[in-house]
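Single-letter residue listing:
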Protein chains: 2
Amino acid sequence: MKKVTAFAPATVANVSCGFDILGFAVEELGDRVTVTFSEEPGLKVTKIEGDQGRLPYDVDKNTCSVAVKAMLEKLDFQGGIEIHLTKGLPLGSGMGSSAASSVAALEATNRLLGNPLDKKDLLPFAMIAEGVACGAPHADNVAPSLLGGFVLVRSYDPLDVTKLHVPNGLYCTLVHPHFELNTADSRSVLRQQVPLKDAIIQSGNIAGLVAGLFQEDMGLISRSLQDVIAEPSRAVLIPGYEEIKEAIKEAGALGCGISGSGPTTFILSPSREIAHKVSDISQEVFNKMGLEVDLYVSAVNIRGAYVINEE
Amino acid sequence: MKKVTAFAPATVANVSCGFDILGFAVEELGDRVTVTFSEEPGLKVTKIEGDQGRLPYDVDKNTCSVAVKAMLEKLDFQGGIEIHLTKGLPLGSGMGSSAASSVAALEATNRLLGNPLDKKDLLPFAMIAEGVACGAPHADNVAPSLLGGFVLVRSYDPLDVTKLHVPNGLYCTLVHPHFELNTADSRSVLRQQVPLKDAIIQSGNIAGLVAGLFQEDMGLISRSLQDVIAEPSRAVLIPGYEEIKEAIKEAGALGCGISGSGPTTFILSPSREIAHKVSDISQEVFNKMGLEVDLYVSAVNIRGAYVINEE
């Protein structure tokens, strides 16, 4: 094998009451990476498409090469590899753009080398890349992008990652209005102390959400999709958020939240039909405010990153 | 039918990271209540056994009669009923003593009247009794005592209660040292503000615990049984707690916590054998400190309260 292309999906992190601990992957929308053996030893980023020239080719700055470099060092690989990244995801959107790139690169490279590592073992390398891209080695985008489904990151020390059950018929709508939110801004608005009462409410909701996923109880999932810790501070950064939140519930959606650090909003629905309906509703709200918006309707991806071509 | 006896089990509330939202029921240990139709209209507590004379016969103060009175008012029942309570549970132990009494009384009365209400519909009446007994209408003892298993109380407004899956082979050891802790004291030591970091750790742990229960993943349950919010303040009220916590993990238990407001400590184990082993270990620790201790080893009760006799 001389050339492998892998796909890694977009992801929603900070899933409502699962702030900082829960993410999930979506279908189709994502990044593609092709890796090729080269004559010349060392790692090189040879081509980046779909980024409007914004991503770095520097091996120590591009998330693909940062992740793959860490992996190759671990494997003590001395040969040469070239990376070609095709972005399918908008940058800075809150849909796990940097995670999808590094995960696709790792998945492709692992196959190119004959799968020396288990899928789950690729996670630490993707987290190193997240550290470079976001300033902190978060796992709540890279873990679902790699593994698929809803993924709980219970702990970082030691790393403890668990796939949760995905109910049949659960659909996601991603609403990406055309403005960028800086992750640092989005974190700076968070209160560093939380009332005990709110911490207990949040616990109850995340417990209800996890139980609802396992029991395929759409009502319980819906009642549990309430974030009393991060959302109240962050929602004000996204114009139209409260209006959408109310309208989509009326239309039969289960609930919504800010994807990652925003500005993308995710909406969970109990059917594809409702997911499309709330997509239309969200578009109206943003267009009324003069904002362009990208919309994606998708099932929850349950397989994570995968190889799409090998030669 | 003229006479019905029901049993309701002891319960563990505040299950570690499930502080204020999660409880479970144990087998065997619990209270029995016999209700009988009487000629004279109205409700009467005619006999209380096993309480060393400490519980009130006053219909508006005894948790059995408070609960049944609320139920009879709802059903607009005008006849006469007599209540005979046999305590199997020590008072003020943190094992849901008041809850077991009121739940047994409700279960028995519902059957006596020909089951006019579903089991779940008895819950609000038991909560009224908890309000009288503890000063607040908590559901985290009465719900598992009534319904059995692990019960999540996601919300009180509106009330949202969910039974979780109970893994095969899960055993509980209850360690009740002979001193009483006042619930009010136990609440007063809690911090009213929680660092954001701790709120997130608690969320991750309760999510992990719920996932572990559904997936029957004993390792995940064990790693998740960590309460960073209430336990650090409360553990100091129970001499020997930290020593037991360390020793039982070494012996193969999954983890432990303070049951309700204490002083009873619960220990969860992946087998009956280990549950007995950590029972012995706990006894040694308390005896060394000159404290007498009651010990109970039990499977998790999955059926809740039930009728044991009817005539």
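By convention here, each chain's residues receive numbers from 1 onward along its written sequence. Each chain gets a letter, beginning with A, and each ligand a number, beginning with 1, in the order they are written. With the structure being a predicted model, the display of local features is reserved for residues of pLDDT at least 70 and the display and counting of side-chain atom pairs for 80 or more, all residues being used for whole-chain, interface and lining totals. Remark: hydrogens and water are excluded; side-chain values derive from all non-hydrogen atoms of the structure.

1. Considerations on the domain arrangement of chain A
Residue and element names in this part refer to chain A.
- Residue ranges for the domains trace back to a domain assignment, done automatically or taken from a database. Parsing chain A into structural domains produces domain 1 (3-164 + 301-310) and domain 2 (171-299).
- Averaged C-alpha coordinates put domain 1 and domain 2 at centres separated by 24 Å.
- Residue contacts follow a heavy-atom distance rule, with two residues in contact if any of their heavy atoms lie within 4.5 Å. Residue-level contacts link 27 residues of domain 1 with 33 residues of domain 2.
- Roughly 2300 Å² of surface becomes buried between domain 1 and domain 2 when both sides are summed, with 66% attributable to carbon and sulfur atoms.
- A per-residue breakdown of the area domain 1 buries against domain 2 is headed by S16, C17 and F19, which together make up 27% of the total.
- One side-chain nitrogen of Lys or Arg within 4 Å of one carboxyl oxygen of Asp or Glu is enough to make a salt bridge. Run the count over domain 1 and domain 2 and you get zero salt bridges.
- Any pair of N or O atoms that falls within 3.5 Å is considered a polar contact. Within protein, one atom must be able to donate a hydrogen and the other to accept it, and sequence-neighbouring residues count only if both atoms are side-chain atoms. Linking domain 1 with domain 2 are nine residue pairs in polar contact (both at pLDDT 80 or more), by the criterion used here.
- Counting from the N terminus, the helices are the DSSP runs of H or I reaching at least four residues and the strands are the DSSP runs of E reaching at least two. Mapped by element, the contributors of at least two residues to the side of domain 1 that touches domain 2 are β1 (3-12) and β2 (22-38).
- With five residues, the top contributor of residues to the side of domain 1 that touches domain 2 is β2. Accessible area that two parts lose when put together, evaluated with a 1.4 Å probe and summed over both, is termed the buried area.

2. Examining the pairing of strand β9 (residues 255-258) of chain B
- The buried label goes to any residue with under 20% of its type's maximum accessible area, the exposed label to any with over 50%, and the partly exposed label to all in between, with areas taken from a 1.4 Å probe on protein chains only. Both faces of β9(B) are covered, namely the face carrying G255(B) and G257(B) and the face carrying C256(B) and I258(B).
- Two strands qualify as a pair provided that DSSP identifies no fewer than 2 bridges between them. Connecting the antiparallel pair β9(B) and strand β10 (residues 265-269) of chain B is a turn made up of six residues, with G260(B) showing a positive phi of about 60°.

3. Considering the pairing of strand β6 (residues 159-164) of chain B
All names here are of chain B.
- Looking at chain direction, strand β5 (residues 150-156) and β6 are connected through six bridges and run antiparallel. Directly across from S155, in β6, lies its bridge partner D160.
- Remark: two residues form the turn of the hairpin made by β5 and β6, two consecutive strands paired antiparallel.

4. A short note on the UniProt feature "domain: GHMP kinase N-terminal" (unreviewed entry) in chain A
- Per the UniProt record, the feature "domain: GHMP kinase N-terminal" (unreviewed entry) sits at residues 65-149 of chain A.
- Within residues 65-149 of chain A, the helical portion is 53% and the strand portion 8%, while the C-alpha atoms at the span's ends are 25 Å from each other. UniProt positions are given in the numbering used here, feature names are shortened, and annotations may be inferred rather than shown by experiment.

5. Examining unusual backbone geometry
- Residue P158(B) is bonded to the preceding D157(B) through a cis peptide linkage, with omega at 0°.
- Note on placement: P158(B) falls in the loop between β5 and β6.
- Cis peptide bonds are those with omega within 30 degrees of zero, and the linkage from G262(B) to P263(B) qualifies with 0°.
- Of note, P263(B) is situated in the loop between β9 and β10.
- Unlike most non-glycine residues, D20(A) shows phi in positive territory, near 75°.
- The phi dihedral of D76(A) falls on the positive side, at around 55°, and the residue is not glycine.
- With respect to the secondary-structure elements, D76(A) resides in the loop between α1 (63-75) and β4 (80-86).

6. Thoughts on the side chain of D51(B)
- Mapped onto the secondary structure, D51(B) falls in the loop between β3 (42-49) and α1 (63-75).
- Within polar-contact distance, the side chain of D51(B) engages the backbone nitrogen of L55(B) at 2.8 Å.

7. A word on the packing of α1(B) against helix α2 (residues 97-112) of chain B
All names here are of chain B.
- Axis definition: a line fitted to C-alpha atoms, limited for helices to the stretch in contact. Angles are taken between N-to-C directions and run from 0 to 180 degrees. Two elements in contact, α1 and α2, have axes separated by 8 Å at closest approach and are oriented at 40°. Compared by their axis directions, α1 and α2 come out oblique. Relative to α2, α1 is oriented so that their crossing is right-handed. Taken together, the residues of α2 that come into contact with α1 (itself represented by T63, C64, A67, V68, M71 and L72) are S98, S101, S102, A105, L106, T109 and N110.
- Charged means Asp, Glu, Lys or Arg here, nonpolar means Ala, Val, Leu, Ile, Met, Phe, Trp, Tyr, Cys or Pro, and polar covers whatever is left, Gly included. Counted by class, the contact of α1 with α2 contains seven nonpolar, six polar and no charged residues. When describing relative orientation, an angle under 35 degrees is termed roughly parallel and one over 145 degrees roughly antiparallel, while 65 to 115 degrees is termed roughly perpendicular and anything else oblique. Take the far helix as your reference; a near helix turned counterclockwise from it by less than a right angle gives a left-handed crossing, and one turned clockwise gives a right-handed crossing.

8. Considerations on the sheet that holds strand β11 (residues 293-299) of chain B
Residues and elements named next belong to chain B.
- One open sheet accounts for four strands, arranged β9-β10-β7-β11; its pairing is antiparallel. Where the open sheet ends on each side, the last strands, each with one partner, are β9 and β11. On average, each strand axis in the sheet is tilted by 20° relative to the strand beside it, whichever way the strands run.
- Pairing of strand β7 (residues 171-177) with β10, which is carried by five bridges, proceeds in the antiparallel orientation. Bridging from a neighbouring strand, C172 pairs with L268 of β10.
- Packing against the sheet, helix α9 (residues 241-250) makes contact with β9 and β10, and its axis sits at approximately 160° to β9.
- Each of β7, β10 and β11 touches helix α10 (residues 272-288); the most contacted strand, β11, lies at about 170° to it.

9. Some thoughts on the UniProt feature "binding site: ATP" (unreviewed entry) in chain A
Residues and elements named next belong to chain A.
- Per the UniProt entry, the sites bearing "binding site: ATP" (unreviewed entry) are P90, L91, G92, S93, G94, M95, G96, S97, S98, A99 and A100 in this numbering.
- Judged by relative accessible area, which is 36%, G92 ranks as partly exposed.
- Excluding anything up to four places from it in sequence, G92 contacts E180, L181, G262 and P263.
- With respect to the helices and strands, the residue G96 is situated in the loop between β4 and α2 (97-112).
- Taking the relative accessible area as the measure of exposure, G96 reaches 10% and is therefore buried.
- If we skip the residues at most four places from it in the chain, G96 touches T11, L89 and N141.

10. So, the pattern of salt bridges
- As enumerated under the stated definition, the model contains 20 salt bridges over all chains in all.
- Here D160(B) and R223(A) are joined by a salt bridge, their closest N and O atoms 2.6 Å apart. Of this pair, D160(B) sits in strand β6 while R223(A) sits in helix α7 (residues 218-224), on two different chains.
- Residue D160(B) is classed as buried on the basis of its relative accessible area of 5%.
- Each of R154(A), D160(A) and R223(B) takes part in one network of salt bridges that share partners.

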